[in-house]
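The chain contents come next:
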Amino acid sequence: MSILIKPVITEKATTDSELHSRYTFEVNPGSNKIEIKNAVEATYGVSVIKVRTMNVRPDRNTKYTKSGMITGKTSGFKKAIVQVAEGDVIDFYSNI
């Protein structure tokens, strides 16, 4: 079972990583902060200071079409914001 699923690369997350050395990941919903810390340290070789987690709720939407009303929903996920020590950098674009 993999702890880290993928990094979250948005405008807000990129600004947060440049200014405050905080990186955002989508993680396994069953993982805790200690497992996330160990996974980030092992994968990227940085020292983690703080881990903050949150469960992102699913978004629901309704579309009105010719054939009637269609409802849908996205899946929810768990997100972790990891703060690394000053001077440590995680480069997501090195494998491209």
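Read on for a plain summary of the structure. Just so you know, these numbers come straight off a predicted model, no measurement behind them.

### A look at the pattern of salt bridges
Throughout the structure, instances matching the rule amount to 3 salt bridges. Residues R22 and D16 are paired through a salt bridge, measuring 2.9 Å at the closest nitrogen-oxygen approach. Between D59 and R57 there is a salt bridge, and its shortest N-O distance comes to 3.4 Å. Taking relative accessible area as the criterion, D59 reaches 44% and is therefore assigned partly exposed.

### As for a nonpolar patch on the surface
Taken together, the side chains of I9, Y93 and I96 present a nonpolar region at the surface, about 380 Å² in accessible area. As for its position among the elements, I9 is in the loop between β1 (4-7) and α1 (11-20).

Analysis parameters
Think of each chain on its own: its residues are numbered from 1, step by step along the sequence as written. The predicted nature of this model means local features are confined to residues of pLDDT at least 70 and side-chain atom pairs, given and counted, to a pLDDT of 80 or more, with totals for whole chains, interfaces and linings taken over all residues. Excluded from the side-chain calculations are hydrogens and water; all other atoms, namely the structure's heavy atoms, are used. Here, a salt bridge means any side-chain nitrogen of Lys or Arg that lies within 4 Å of a carboxyl oxygen of Asp or Glu. Each residue is assigned to one of three classes by its accessible area relative to the maximum for its type, calculated with a 1.4 Å probe on protein chains only: buried under 20%, partly exposed between the two thresholds, exposed over 50%. Patch membership needs two things, relative accessible area over 30% and no salt bridge, and members are linked within 9 Å if like-charged or within 5 Å if nonpolar (Val, Leu, Ile, Met, Phe, Trp, Tyr). Throughout, the Shrake-Rupley method with a 1.4 Å probe supplies accessible areas, and for residues the shown protein chains are the sole cover considered. Helix and strand labels come from DSSP, where a helix needs a run of H or I of at least four residues and a strand needs a run of E of at least two; each type is numbered from the N terminus.

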